[in-house]
Amino acid sequence: MSLLLQLAALFAKLSLLAVGGAGATVPEMAREAVHVHHWLTPAQFAQLYAISNSAPGPNVLIATILGAHVAGVAGGIVATLAMILPSCALAVLVNRQLERHAGARWRRVLQAALLPITAGLLMAAALVLARQADTGWLTLAITLACAAASYQTKLHPLLLLGGGAALGLLLF
Amino acid sequence: MGFFQAGILGFGGVLPMARRMVVDDRRWMSQTEFNELFAVCQSLPGANITNFAAVLGMRHRGVTGAAAALAGLLGAPMAIIMALSGLYARYGTLAPVHHALAGLAAAAAGLLLGTAGRIAAPVCKSLSNVAVAVLVLAMALLLHLSLPLTMLLALPLSLFLSGRAMP
């Protein structure tokens, strides 16, 4: 039971800090799950993230798969609810207020202020994952190739993920 | 609102599917309304699309609508992902699976790196934005500061800078 509470507390906290989406909380998620709670190894974290990324659905599913890995189906449900409910409640409340003050200056300032923070956090998230996933030159090459492809082209993400998995299967 | 289920099994990007269903197919709102609501959800914490579903559901049917929209959005993907988690626990250490997963994880990290690059590109237009982004990156990656502390330090600074830049 205390495990479920720990999951709920962690993801509820991350929920309200996830500026620009769940991806921004990946560094913190990895820090807590791997280094504070020792629920899983860095490599496992990178693999679970990758699985949640290749499955259909929004990217909050990283919470579901981590919760399920740590504490089974109940863990998956608790982690997901904790990850979405606080931010959704906030969104509903704020939206009610905003319907009264559309286009206010503070909204544009807030949005502009959050953008560089999101960019920094996402960059950190990518580097945390790369550090966990890239155990040799081959995995590093896959990461760099996918980064370049997803930055430059409009290839479907699934194609890149599938390609990475196939290369891993064939070359290791 | 239970209709949310069918339309929304999008891979990776749920947003394009959601947009098509909400605006084109079911005509719950116009494209402009959609953009405005989505912009609000983007500037708030949390996954944009779940925030969006909750607000839309709430608008139409109150709390039950919000619950139905979220359940529709997340039900099937959650079941799939938990099944995958079970398979991972059972077969994740088998050699071929392990190798494919190593490649998959490397690709996923690269994918996020590319996305981060795309998001960072407009940030590079202003020097103070670059400074904030690099500062946040360093706090998270090198100093291992917790996310609440990072936000506490970075948000006031960023608010100050963007408040000054915007007349």
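Read on for an overview of the structure. Given the structure is predicted, the values throughout are model-derived calculations rather than measurements.

So, about the environment of Leu10 of chain A. All names here are of chain A. With respect to the helices and strands, Leu10 occurs in helix α1 (residues 2-17). On the accessibility criterion, Leu10 (4% relative accessible area) is buried. If near-sequence neighbours (up to four positions away) are discounted, Leu10 is found in contact with Glu32 and Trp39.

On to helix α6 (residues 127-141) of chain B, then. Relative to the 21 Å expected for 15 residues at 1.5 Å per residue, α6 of chain B spans 21 Å between its end C-alpha atoms, a close match to the ideal helical length. Here the buried face of α6 of chain B lies against α2 (26-36) and α5 (105-133) of chain A together with α5 (95-123) and α7 (147-165) of chain B.

The subject of this paragraph is the packing of α1 of chain A against α2 of chain A. Residues and elements named next belong to chain A. For the pair α1 and α2, interaxial distance at closest approach is 11 Å and the crossing angle is 165°. Here α2 runs roughly antiparallel to α1, going by the angle between their axes. Between α1 and α2 the crossing geometry is right-handed. For the pair α1 and α2, contact is made by Leu10, Phe11, Lys13 and Leu14 and by Glu28, Met29 and Glu32, respectively.

Let us look at the nonpolar core. Counting 103 residues, the largest nonpolar core has Phe11, Phe45 and Met83 of chain A together with Phe52 of chain B as its most contacted members. Ranked by residue count, the leading element in this core is helix α4 (residues 61-98) of chain A, at 15 residues. Not counting residues within four places of it along the chain, the set of residues in contact with Met83 of chain A comprises Phe11, Leu14, Ser15, Ala18, Ala22, Thr25, Met29, Val60 and Ala63 of chain A.

Quick notes on the rules
Residues numbered from 1 in each chain as written. Chains lettered and ligands numbered in written order. Predicted model: local features only at pLDDT ≥ 70, side-chain atom pairs only at ≥ 80, totals over all residues. Heavy atoms only, no water. Helix = DSSP H or I, 4+ residues; strand = E, 2+ residues; numbered from the N terminus. Buried < 20%, exposed > 50% of the residue type's maximum accessible area, 1.4 Å probe, protein only. Contact = heavy atoms within 4.5 Å. Expected span 1.5 Å × (residues − 1). Axes fitted to C-alpha atoms, helices over the stretch in contact; angles between N-to-C directions. Parallel < 35°, antiparallel > 145°, perpendicular 65-115°, else oblique. Left-handed = near helix turned anticlockwise from the far one by under 90°. Core = buried A, V, L, I, M, F, W, Y, C linked by side-chain atoms within 4.5 Å.

Any link to function would need more than the numbers given here.
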